[in-house]
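Single-letter residue listing:
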Amino acid sequence: MKYFEISEKSRYYRIVFSALRSANALSLEGARELSVLRKELGKVEKPVVFFSAHAKVFCSGGNLSDYKKLASPAAGLKINREITRHLNQFALWPSIKLAVVEGDVLGGGMEWLARFDVRWSTPAAFFSFWQRRVGLSTGWGGGKAWAALIGSAKVKQLLMESNLLPASEARRLGLIDRIHCSWRVNDEVEVWADGLRGKLATELSGWSAQNEHKTFSNLWMGPEHRQVLAKWKA
């Protein structure tokens, strides 16, 4: 792996994203690695937790240096379509995905962030849909993904304003779920992951309104359901 380093902890898989030369930009090659990671780990009963090797940036968006080298607009659009496909596949990863944000998330980085199930941040991190600052809008399907999470009107406003949002404001808007203390985040992740082990958490990580009945059927009369029924007194 060139951009991602995996290590297995007792309660979760730790994955570190490192693209230091480009301020942790997500390139096409990096997006492809995400799909490879998903296939390699498969459906595991441990959550996967993503960190950043860059001290100041979790993800700065697309690699503008790569785009600048392209010969035509069509070539760039083709790359963006493929990155969108990989991020959509990442969203379907059958394990619960936590982003531990300890640096800024900008532009396309916000589009990747929308594909996580849970998002934590340190108080010092900033967030911005700054695509408009480079003359663009969302191009990796992030607008649609965020609209499903916080509403289309709110996403439209954030895109038009393209402000740099502190973690406290991002939390208020629903862009992140929790603000954590960086000095004890490893302990917090351990506790969080410990409560998510087992088939129930794995199945619920892939829950959607469309597959609700399938998820229910997979859990029906499973070990955890049977355990509850065994203790039930009529």
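Computed from a predicted structure; not experimentally measured.

Undergrad: What is the right way to read the layout of surface pockets from this model?
TA: Gaps between atoms show up when a probe of the same size as a water molecule is rolled over them. Its boundaries defined by the atoms lining it, the second largest pocket holds a volume of some 410 Å³. Forming the walls of the second largest pocket are 17 residues, and the residues nearest its centre are Gly62, Leu64, Tyr67, Val134 and Leu136. Considered class by class, the residues forming the lining of the second largest pocket number 6 nonpolar, 10 polar and 1 charged.

Undergrad: Could you clarify how one ought to interpret the packing of aromatic side chains in this entry?
TA: For any pair of aromatic rings, geometry is given as the distance between the ring centres together with the angle between the planes. The full count for this structure, using the stated rule, is 16 aromatic pairs. A ring pair is formed by Phe50 and Phe116, whose centres lie 5.4 Å apart and whose planes are at 80°; its orientation type is edge-to-face. A residue pair is termed long-range when its members are at least 10 positions apart, and Phe50 in strand 3 (residues 48-52) and Phe116 in the loop between helix 4 (108-113) and strand 7 (118-121) qualify at 66 residues. In this structure, Phe50 and Phe116 share a single accessibility class: buried.

Undergrad: Would you mind showing me how to read the pattern of salt bridges here?
TA: Close approach of charged atoms allows side chains of opposite charge to pair. One pass over the structure, following the stated rule, counts 9 salt bridges. As a salt-bridge pair, Arg11 and Glu190 come within 3.0 Å of each other at their nearest N and O atoms. Linking Arg11 in the loop between strand 1 (4-8) and strand 2 (13-17) with Glu190 in helix 8 (residues 185-194), this pair joins segments that are 179 residues apart in sequence. Among the ionic contacts, a cluster of salt bridges with common partners joins Arg11, Glu190 and Asp194.

Undergrad: Looking at this model, I keep getting lost on the sheet that holds strand 8 (residues 126-128). Mind explaining?
TA: Strand pairs in the sheet, formed through backbone hydrogen bonds, run parallel or antiparallel to each other. If you trace the 4 strands from one edge of the open sheet to the other, you get 4-6-8-9, paired in mixed fashion. Looking at strand neighbours, the two that pair on one side only are strand 4 (57-59) and strand 9 (165-166), the edges of this open sheet.

Undergrad: Would you take a moment to explain the sheet that holds strand 3 for this structure?
TA: Ordered by their spatial adjacency, 6 strands build an open sheet running 1-2-3-5-7-10, and the pairing between neighbours is mixed. Only two strands of the sheet have a single partner each, and these edge strands are strand 1 and strand 10 (178-179). In terms of strand pairing, strand 3 meets strand 5 (residues 97-101) through 3 bridges, oriented parallel. In the sheet register, Phe50 faces strand 5, and the bridge partner there is Ala99. This element, helix 1 (residues 28-41), spans strand 1, strand 2 and strand 3 of the sheet and lies at about 20° to strand 1.

Undergrad: Before we go on, may I ask you to explain the pairing of strand 5 in this structure?
TA: Side-chain positions along a regular strand alternate between the two faces of the sheet. Of all the 5 residues making up strand 5, 5 are buried; the element is thus mostly covered by neighbouring parts of the structure. The alternating pattern of strand 5 places Lys97, Ala99 and Val101 on one face and Leu98 and Val100 on the opposite face, and all of these are buried. Relative to strand 7, strand 5 is paired through 4 bridges, and the arrangement is parallel. Paired with Val100 across the two strands is Trp120, which belongs to strand 7.

Undergrad: When you look at helix 3 (residues 73-91) in this model, what are you seeing that I'm missing?
TA: Quick reminder: α-helices carry 3.6 residues per turn. Residues three or four places apart thus point the same way. In a regular helix each residue adds 1.5 Å, so 19 residues correspond to 27 Å; helix 3 covers 27 Å between its end C-alpha atoms and thus fits that length. Those residues of helix 3 that sit buried are Gly76, Glu82, Ile83, Thr84, His86, Leu87 and Phe90. Check the buried side of helix 3 and you find it contacts helix 1, strand 3, helix 2 (64-68), strand 5 and helix 4.

Undergrad: Looking at this model, I keep getting lost on the packing of helix 1 against helix 3. Mind explaining?
TA: How two helices pack is summed up by the angle between their axes together with the distance between the axes. Remark: helix 1 packs on helix 3, axes separated minimally by 9 Å, with the N-to-C direction vectors making an angle of 30°. As the angle between them shows, helix 1 and helix 3 are arranged roughly parallel. The handedness of the crossing between helix 1 and helix 3 comes out as left-handed. Every residue of helix 3 that contacts helix 1 at Leu28, Ala31, Arg32, Leu34, Ser35 and Arg38 is listed here: Ile79, Glu82, Ile83, His86, Leu87, Gln89 and Phe90. Residue composition of the contact of helix 1 with helix 3, by class: 7 nonpolar, 3 polar and 3 charged.

Undergrad: Looking at this structure, how should I read a nonpolar patch on the surface?
TA: On the surface, a nonpolar cluster with roughly 420 Å² of combined accessible area is contributed by Phe216, Trp220, Met221 and Leu229. Along the chain, Trp220 turns up in the loop between helix 10 (212-219) and helix 11 (223-231).

Undergrad: What's the story with the nonpolar core in this structure? I'm lost.
TA: In a soluble, globular protein the nonpolar side chains are often hidden away together inside. Within the largest apolar cluster, 45 residues are counted, with the highest numbers of intra-cluster contacts made by Phe4, Phe50, Trp112, Leu113, Phe127, Trp146 and Leu175. Of the residues forming this core, the biggest block, 5 residues, is contributed by helix 1. Not counting residues within four places of it along the chain, the set of residues in contact with Phe4 comprises Ile15, Val16, Phe17, Gly30, Glu33, Leu34, Leu37, Phe50 and Trp112. Core analysis: the next-biggest nonpolar cluster, separate from the first, contains 13 residues, Tyr12, Val185, Val189 and Trp192 among them.

Cut-offs applied
- Residues numbered from 1 in each chain as written.
- Predicted model: local features only at pLDDT ≥ 70, side-chain atom pairs only at ≥ 80, totals over all residues.
- Heavy atoms only, no water.
- 1 Å grid on protein atoms, 1.4 Å probe; cavity = no way out; pocket = protein on both sides within 12 Å on 5 of 7 lines; lining within 4 Å.
- Points joined across faces, edges and corners; volume = space filled by probe spheres on them.
- Nonpolar A, V, L, I, M, F, W, Y, C, P; charged D, E, K, R; others polar.
- Phe/Tyr/Trp six-rings, centres within 6.5 Å; stacked < 30°, edge-to-face > 60°.
- Helix = DSSP H or I, 4+ residues; strand = E, 2+ residues; numbered from the N terminus.
- Buried < 20%, exposed > 50% of the residue type's maximum accessible area, 1.4 Å probe, protein only.
- Salt bridge = Lys/Arg side-chain N within 4 Å of Asp/Glu carboxyl O.
- Pairing = 2+ DSSP bridges.
- Contact = heavy atoms within 4.5 Å.
- Axes fitted to C-alpha atoms, helices over the stretch in contact; angles between N-to-C directions.
- Expected span 1.5 Å × (residues − 1).
- Parallel < 35°, antiparallel > 145°, perpendicular 65-115°, else oblique.
- Left-handed = near helix turned anticlockwise from the far one by under 90°.
- Patch = residues over 30% accessible without salt bridge, like charges linked within 9 Å, V, L, I, M, F, W, Y side chains within 5 Å.
- Areas by Shrake-Rupley, 256 points an atom, 1.4 Å probe, with all protein chains shown as cover.
- Core = buried A, V, L, I, M, F, W, Y, C linked by side-chain atoms within 4.5 Å.

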